[in-house]
Protein chains: 2
Amino acid sequence: MRRQSGVALWRQIADRIRAAIADGSYDETGMVPPETVLAADFGVNRHTVRAALSALTQEGMLRPVQGIGTLILRRERLSLPISRRTRFTEGVGEQARALSGALLDHAEEPASAAVSTALHLAPHAPVLRIETLRSADKRGMSRSTAWFPLPRFHGLADAFAKSGSVTAALRAFGVEDYVRVKTEISAVHAEPGDLADLGLAPGAIVLVTQAVNADPEGMPIQFAVSRFPADRVQFTVEV
Amino acid sequence: MRRQSGVALWRQIADRIRAAIADGSYDETGMVPPETVLAADFGVNRHTVRAALSALTQEGMLRPVQGIGTLILRRERLSLPISRRTRFTEGVGEQARALSGALLDHAEEPASAAVSTALHLAPHAPVLRIETLRSADKRGMSRSTAWFPLPRFHGLADAFAKSGSVTAALRAFGVEDYVRVKTEISAVHAEPGDLADLGLAPGAIVLVTQAVNADPEGMPIQFAVSRFPADRVQFTVEV
DNA sequence: TAGCATTTGTGCGTATGTATG
DNA sequence: ACATACATACGCACAAATGCT
């Protein structure tokens, strides 16, 4: 708990309580310890603990009950498998009920250096860019920007908008199967765009993946940069 | 850039500049834009930008030069491959010169529920726990806690202390080869322990992996929880 | 050499946010 | 709810170092 660090004490404490809930430290009671206990544990005033709990309540993670304590509303982390056959929709599987994929924006444009490299295209070759938002149980789970080579996938944005699934949209373009050839995983603080689309608070963490998918012949067909709220998603790699 | 969020503006800006440096946005000049430009871009006072740059200078990422600008000293992130044959030392490869692994602590103790499950042991079976700190070029790269079944690996802590390598220590116990069978990746805010061991600032992000290694016969021999500073490390998965 | 534009470094006054008791 | 202390953010002004004309 460091002061004068640019991060308010109440937020540092909120982050630690959130982590403790996620790793099951309070599973026995299903409640957060009393405010006075937390205040003593963290070495701060009770006001400060209350500010932290208030923020977590705002996030929908806690529900305070007068005279009883502060209940934990269990929100498991979605576990997304990364494998040679990574698909968001299938990966979520039984973990959530209401799955949706929305098309936020799309455009045809010349490829940037990073995109043309990833897709093995000539510099500035034309590509289709689509911006998507995926949700599970009405909570934002990923904000993704994907690029596809043109003219092969001209019109794919419409196909995605109809189905809400990249796999289905690609199938409409004759791609029966595709494989994940590379995934880079990093983590950064949420940017203003994430806050709006995913409903996050400043200082929140987003996991960032940069992935390349290829068709069965090994030709890259999609390069995607996706951003996942780290408190709602984790990755599993089984090789 | 949201105010009154528990995260100081200068820290939010420092995080965005760090991310911009990491993704190569300023590679053309090798310098950060002038303070007045950054202030206008982010819509804040120049003092606030200076507080952000000062923090990054403290991290050793920037060097300001009066009359010239602010030079970028380090932008590369260590890329750690995750595969069936994941090894920290080999994974770093050519990316760093001085590699070291220090043994911080070790003890023999009964397995917790998570550990006994991961290692396929009976509840409370005896295990060896070792705490390690790995560094590359004198910068902390991972803080790791690993568990090994007993009595098979009794004395492994000493072997690790001598070599600074898990692979070498295991070989001393007759394990010529081992494979990574599972990796879970998530991200959280740094805890006080991370700040000290890895030299991080509050609010910093740590990537967390939970991994199981098994010997060639498929018997789990190691369960490890590792914490990596997200601004120094990223993962690559090639399947 | 002198002058000028650009850029980082510093000081001060004020308003708001954070943490305590 | 109030009072207090400190951190954060702003606006304005000016000093100091550098490169160019």
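All residue numbers here refer to positions counted from 1 along the written sequence of the relevant chain. Note on labels: chains are lettered from A, ligands numbered from 1, in written order. Restriction of local features to residues with pLDDT of at least 70 applies here, the model being predicted, together with a cutoff of 80 or more for giving and counting side-chain atom pairs; totals for whole chains, interfaces and linings are based on all residues. Side-chain metrics rest on all non-hydrogen atoms present in the structure, leaving aside hydrogens and water.

In the annotation of an unreviewed UniProt entry, chain A is listed under the name GntR family phosphonate transport system transcriptional regulator and assigned to Allorhizobium borbori.

Sheet strands pair via backbone hydrogen bonds, and the direction of the pair is either parallel or antiparallel. Overall, antiparallel pairing links the three strands, which are arranged β1-β3-β2 (chain B) in an open sheet. The strands lining the two open edges of the sheet, one partner per strand, are β1 (31-32) and β2 (62-65) of chain B. Here, a strand pair is defined by DSSP locating no fewer than two bridges between the strands. Numbering of helices and strands starts at the N terminus; helices are DSSP runs of H or I of at least 4 residues and strands are runs of E of at least 2.

Each residue is tested against the molecule or strand, and it is near if at least one of its non-hydrogen atoms lies within 4 Å. Neighbouring DNA strand C are 22 residues; A:L9, A:W10, A:T48, B:R46 and B:H47 lie closest to it. Backbone atoms, meaning sugar plus phosphate, form 65% of the atoms of DNA strand C positioned within 4 Å of the protein. We call two N or O atoms a polar contact when they sit within 3.5 Å, provided that within protein one can donate a hydrogen and the other can accept it, with sequence-adjacent residues counted only if both atoms are side-chain atoms. Between DNA strand C and B:E35, the relevant distance is 3.0 Å, taken from a phosphate oxygen to a main-chain nitrogen or oxygen of the residue. Between B:T70 and DNA strand C, the recorded distance is 3.3 Å, taken from a side-chain N or O atom to a phosphate oxygen. Mapped by element, the contributors of at least two residues to the surface near DNA strand C are α1 (9-22) and α3 (46-58) of chain A together with α3 (46-58), β2 and β3 (69-72) of chain B. With three residues, α3(B) is the largest single contributor of residues to the surface near DNA strand C. When grouped by side-chain class, the residues that make up the surface near DNA strand C number eight nonpolar, ten polar and four charged. Residue classes follow a fixed rule: Ala, Val, Leu, Ile, Met, Phe, Trp, Tyr, Cys and Pro count as nonpolar, while Asp, Glu, Lys and Arg count as charged, and any other residue, Gly among them, counts as polar.

The next subject is the domain arrangement of chain A. Delimitation of the domains relies on an automatic or database domain assignment. One can read the domain layout of chain A as domain 1 (9-72) and domain 2 (78-237). Its C-alpha centre places domain 1 of chain A at a distance of 34 Å from the equivalent point of domain 2 of chain A.

Okay, the nonpolar core next. What is meant by a nonpolar core is a set of buried Ala, Val, Leu, Ile, Met, Phe, Trp, Tyr and Cys residues, joined one to another through side-chain atoms within 4.5 Å. Classification of residues uses two cut-offs on accessible area relative to the type maximum, computed with a 1.4 Å probe and protein chains only: under 20% is buried, over 50% is exposed, and between them is partly exposed. Ranked by internal contacts, the top residues of the largest apolar core, which has 34 residues, are A:L207, A:F235, B:L207 and B:F235. If we skip the residues at most four places from it in the chain, B:L207 touches A:S186, A:A187, A:L207, B:I185, B:S186, B:A187, B:S226, B:R227, B:F228, B:A230, B:V233 and B:F235. Residue contacts follow a heavy-atom distance rule, with two residues in contact if any of their heavy atoms lie within 4.5 Å.

Attention now goes to the protein's contact with DNA strand D. Surrounding DNA strand D, one finds 14 residues, the nearest of these being B:L9, B:W10, B:N45, B:H47 and B:T48. In DNA strand D, the atoms that sit within 4 Å of the protein are 70% sugar and phosphate, with bases accounting for the remainder. A:G6 has a polar backbone atom sitting 3.3 Å from a phosphate oxygen of DNA strand D. If you list the elements that add at least two residues to the surface near DNA strand D, you get α1 (9-22) and α3 of chain B. Residues belonging to the surface near DNA strand D are distributed by class as follows: five nonpolar, eight polar and one charged.

We now examine the UniProt feature "domain: HTH gntR-type" (unreviewed entry) in chain A. UniProt positions are given in the numbering used here, feature names are shortened, and annotations may be inferred rather than shown by experiment. Under the feature "domain: HTH gntR-type" (unreviewed entry), the UniProt entry names residues 7-75 of chain A. From the first C-alpha to the last, residues 7-75 of chain A spans 25 Å; its make-up is 51% helix and 14% strand.

Let us look at the sheet that holds strand β3 (residues 69-72) of chain A. All names here are of chain A. As summarised here, the arrangement of the three strands in space is β1-β3-β2, forming an open sheet in which the pairing is antiparallel. Strands at the two margins of the open sheet, each flanked by one partner only, are β1 (31-32) and β2 (62-65). Here β2 pairs with β3 via four bridges, running antiparallel. Counted as the bridge partner of L62 is I72 from β3.

On to the relation of the copies chain B and chain A. The least-squares superposition of copies is restricted to C-alpha atoms, and to residues with a pLDDT of at least 70 in both copies. Overlay of chain B on chain A (RMSD 0.4 Å): rotation 179 degrees, translation along the axis 0.1 Å. On the angle and the small slide along the axis, the relation comes out as a two-fold axis. Taking the C-alpha atom as reference, chain B places B:V7 closest to the rotation axis, 2.2 Å from it. In this assembly the copies share their binding face: 95% of the residues contributing to the interface of chain B also contribute to that of chain A.

Glancing now at the packing of α1(A) against α3(A). Residues and elements named next belong to chain A. Comment: axis = line fitted to C-alpha atoms, over the contacting stretch for helices; angle = value between 0 and 180 degrees taken between N-to-C directions. Axis separation between α1 and α3 bottoms out at 8 Å; the angle between their running directions is 55 degrees. Here α1 lies oblique to α3, going by the angle between them. By crossing handedness, the relation of α1 to α3 is classed as right-handed. Contact residues: L9, W10, I13, A14, I17 and R18 in α1; T48, A51, A52, L53, A55 and L56 in α3. Residues of the contact of α1 with α3, tallied by class, amount to ten nonpolar, one polar and one charged. Any angle that is under 35 degrees is reported as roughly parallel, and any over 145 degrees as roughly antiparallel; angles of 65 to 115 degrees are reported as roughly perpendicular and all others as oblique. With the far helix as reference, a near helix turned anticlockwise by less than a right angle produces a left-handed crossing, and one turned clockwise produces a right-handed crossing.

Now for the pattern of salt bridges. The rule for a salt bridge is simple: a side-chain nitrogen of Lys or Arg has to be within 4 Å of a carboxyl oxygen of Asp or Glu. Summed over the entire model, instances satisfying the criterion amount to 30 salt bridges over all chains. Its salt-bridge partner being B:D194, residue B:R227 comes within 2.8 Å of it at the nearest N-O pair. Here B:D194 lies in helix α8 (residues 192-198) and B:R227 lies in strand β10 (residues 220-229), a separation of 33 residues in the sequence. Accessibility classification places B:R227 together with B:D194 in one group, the buried group. One salt-bridge network, in which partners are shared between bridges, spans A:D105, A:E109, A:R129, A:E131, A:R143 and A:D197.

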